[in-house]
Every structure is written in C-alpha cells, then in structure tokens.
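A structural walkthrough
Residue strings, one per chain:
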Amino acid sequence: MTKQRRGSTTERLRQIAMRVAPGDLLPPERALAEQLGVARMTVRSAIDALTREGLLRTRPGVGTERLPSAVGLRVGLRSFAETVREHGMAPTSRMLHLARDTDRPPEAGAHLGVDDDVPVTHLRRIRLGDGRPLALEETWLSPTLLPDLDEEQAAGSLYQLYAGLGLAPTDGLELVTAALPDDDEIEALALSPAMPVLRLTRSAFAQGQPLEYATVTFPADQYELSFRLTEVTAA
C-alpha cells in the first residue's frame, strides 16, 4: 500500500468520522474495511492517525469513538465549570467521595498547614460536560473553610462558594505533568490504559490564606492547554 493510498484512506475515514456525532461509535473495523475497499490493517493505521489528531479514541471492548473538539483549558485560577460553559456544554459533577478525614497526600497537609491527624474536607468528583466525563478531580480544603459542605453544594462550583465568602483565589501554583492513567482514572474517565493523561496539581491561596490543594486528571487527547506568558525581569 503506497503512502498516498494510506493518506487517502485516512481522509476518507475522516469524512466518515465527521458524520458521526461526538461520543458515538464508528462502524467496526471489518465494516469500515469493506466500505473503504482496503485491508483491516490499513483501516487500523488510519484510525491510529486520527487518534493522534484527537478526532478518534479506541476503547478496548467497546469500539472506536468520535471525540468532540478539544477543550481549550487556560491554566490559571479559574473555575472548571466556567471553562466548560465557554465551550457550550453544561457542567455537572458526579460525587465519588465527600467527608472530613485525614486521607491526603503529605503535600496537601503541608500546603494547608495542618498536622497529619487533623481532618480536612476532602472531596473526589468526576467533572462532566453535557454528561461526558472530562476530568477526575480530588480536592482538600482548609479545615476552617466550608465545614458544612454538603453534596448539593459540592456538585457545583467551589469557586462560586469561595466568592460568596469573600475568598476568591488570588494566587497559587499549578504543576502539569503527563503520564499513563492508573486503574481509578481508567474506570472514571472510560480510558484505554494506553491513553496518556494530563495531571494538574494546584495549591491555591486567597489573600495569603491557604485555600485548597487539588489534583485534576484530564484525558490528554481531549484538551489543549494554554499559558499566559509574561516577561521575566532579570535580577
């Protein structure tokens, strides 16, 4: 099979994929091979090419899924719900855990300034856009902040709750890394074990007061990260 023919197959498959609604499955590889008049291996190569572009995602045991356009995520102190709304989707959350406990990484306790035996509000949520899992988020809050947080409040935007207390985030640090997903992330986000994820770790303050420590996992093929750059003055 020539390179030109493979490219032609990829473009024809792209046309088929664009006629499928985001979140729906393409026909099986065998059916696609018959429709395109090529070998299944050629179809698989075309699927791999469109997967690298972020148009398709193969889910083992399920099939090949058409993905929606990538979510543009500006890294900064802003609400996830706000970002989702900017892309024309309705944000919701699925609560996995909400409690006051001592289950946290050492970095969370250090940021919040609490001893290991001091319980803090701890929540774990799947963040969704139009019902589609977009991120797995785990957050630890200052022990004096939102002590009576309930599931209804936690299903919405914490940043709106912060604002109501006059504690909108003012500064912080975010670290972004790439990795393969663990078992919890594979299940929560319906990922292939071979699909890379982006992990964002946030330490936020409000006027110098520790506000939250959070970790967020995103499927790497569904996001475009952007960072605002500013000039750094030499010392």
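Since we're looking at a predicted model, the values are computed, not measured.

Thoughts on the side chain of T64
- Relative to the helices and strands, T64 resides in strand β2 (residues 63-66).
- Within the structure, the side chain of T64 is placed 3.4 Å from the side chain of T58, a separation counted as a polar contact.
- With residues up to four places along the chain from it excluded, the contact list for T64 reads D24, L25, L26, I47, L56, R57 and T58.

Structural notes on the environment of L25
- As for its placement among the helices and strands, L25 is situated in the loop between α1 (3-18) and α2 (29-36).
- Residues L25 and R66 lie 41 residues apart in sequence; the distance between their C-alpha atoms is 6.2 Å.
- If near-sequence neighbours (up to four positions away) are discounted, L25 is found in contact with V20, V62, G63, T64 and E65.

Digging into the packing of aromatic side chains
- On inspection of all chains with the given rule, the structure shows 2 aromatic pairs.
- Where Y159 meets Y162, the ring centres are 5.4 Å apart and the plane angle is 40°; that geometry is what we call tilted. Of this pair, Y159 and Y162 both sit in helix α7 (residues 158-164), separated by 3 residues, roughly a single helical turn.
- In this structure Y159 comes out as buried when scored by relative accessible area, which is 14%.
- With a relative accessible area of 0%, Y162 lands in the buried category.

With respect to the confidence of the model for the protein chain
- Mean pLDDT over the protein chain works out to 83, with 87% of the residues at or above the 70 mark.
- When mean pLDDT is taken per element in the protein chain, helix α5 (residues 106-112) scores highest with 94 and strand β3 (residues 71-74) scores lowest with 56.
- Counted against residues more than four places away or in other chains, residues 1-6, with its pLDDT under 50, gives 6 contacts.

What counts, and where the lines are drawn
Residues numbered from 1 in each chain as written. Predicted model: local features only at pLDDT ≥ 70, side-chain atom pairs only at ≥ 80, totals over all residues. Heavy atoms only, no water. Helix = DSSP H or I, 4+ residues; strand = E, 2+ residues; numbered from the N terminus. Polar contact = N/O pair within 3.5 Å; in protein donor to acceptor, adjacent residues only side chain to side chain. Contact = heavy atoms within 4.5 Å. Phe/Tyr/Trp six-rings, centres within 6.5 Å; stacked < 30°, edge-to-face > 60°. Buried < 20%, exposed > 50% of the residue type's maximum accessible area, 1.4 Å probe, protein only. pLDDT = per-residue confidence, 0-100.

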